[in-house]
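Breakdown of the fold
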Amino acid sequence: MFEALFRIVALVESNAQGQLVFQVTKHGAPAKETEFSSLLATVYQQQVYPTLRAGDTLTITVHLDLPPREIERTVRFREDQQFEGEGVQQPTPDLLPLARALYEQFIQQVDPGDVFTVTFRVERL
């Protein structure tokens, strides 16, 4: 069995203008919401998607620490390079809209001090 985890963890903070920002690295500048969304898309497109093989299972989990809240969707990558499964109305070659929808559900609920985690888990039997 093969398993690969791609995890992005961010501490949610508020900047001088009162906007939410996401501290992803210890010493880097915090990312604004659009930059954080772009980071998620980049990780998916450049690291997660190239890892996938036909028959793989991909689980996307979005998690907030306190109070604990979590959404998880699991899909299967088919031979024809289409995804099918939870949250997918019909087979699709592009899972990024589903990942963005999960992220956007939670982004409305974050407050400064929250820890926001997005995990992509690829499993191959």
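As a starting point, this report considers the structure included with it. This structure is a prediction, so every number in the text was calculated from the model and none was measured. (Residues numbered from 1 in each chain as written. Predicted model: local features only at pLDDT ≥ 70, side-chain atom pairs only at ≥ 80, totals over all residues. Heavy atoms only, no water.)

Considerations on the pattern of salt bridges
The cut-off we apply is this: A side-chain nitrogen of Lys or Arg and a carboxyl oxygen of Asp or Glu constitute a salt bridge if their distance falls within 4 Å. Runs of H or I in DSSP of at least four residues are treated as helices and runs of E of at least two as strands, each being numbered from the N terminus. Under the scheme applied here, a residue whose accessible area is under 20% of the maximum for its type counts as buried, over 50% as exposed, and between as partly exposed, the area being computed with a 1.4 Å probe on protein chains only.
Scanning the entire structure with this criterion turns up six salt bridges. We note a salt bridge from E3 to R121, for which the minimum N-O separation is 3.8 Å. With E3 in strand β1 (residues 2-14) and R121 in strand β7 (residues 115-124), this residue pair connects regions lying 118 residues apart in the sequence. Given a relative accessible area of 24%, R121 falls into the partly exposed group. The residue E84 makes a salt bridge to R78 at a minimum N-O spacing of 3.3 Å.

Some details on the environment of S14
Keep this limit in mind: Residue contacts are counted whenever heavy atoms from the two residues lie within 4.5 Å of one another.
Mapping S14 onto the fold places it in strand β1. Judged by relative accessible area, S14 falls into the partly exposed class, the value being 41%. With 18 residues separating them in the primary sequence, S14 and K32 have C-alpha atoms 9.7 Å apart. Once residues lying within four places of it in the same chain are set aside, the contact partners of S14 are Q19, V21 and P112.

Topic: the nonpolar core
Quick note on the threshold: We define a nonpolar core as any set of buried Ala, Val, Leu, Ile, Met, Phe, Trp, Tyr and Cys residues linked to one another through side-chain atoms lying within 4.5 Å.
Counting residues in each nonpolar core, the largest one holds 36 residues, and the members touching the most others are F36, L58, L95, F116 and F120. Counting residues per element, the ones that place at least two in this core are β1, α1 (33-51), β4 (57-64), β5 (69-77), α2 (96-107) and β7. With seven residues, α2 is the largest single contributor of residues to this core. Ignoring sequence-local partners within four residues, the contact set of F116 consists of I8, V9, A10, V12, F22, F36, V62, H63, L64, Y103, F106 and V110.

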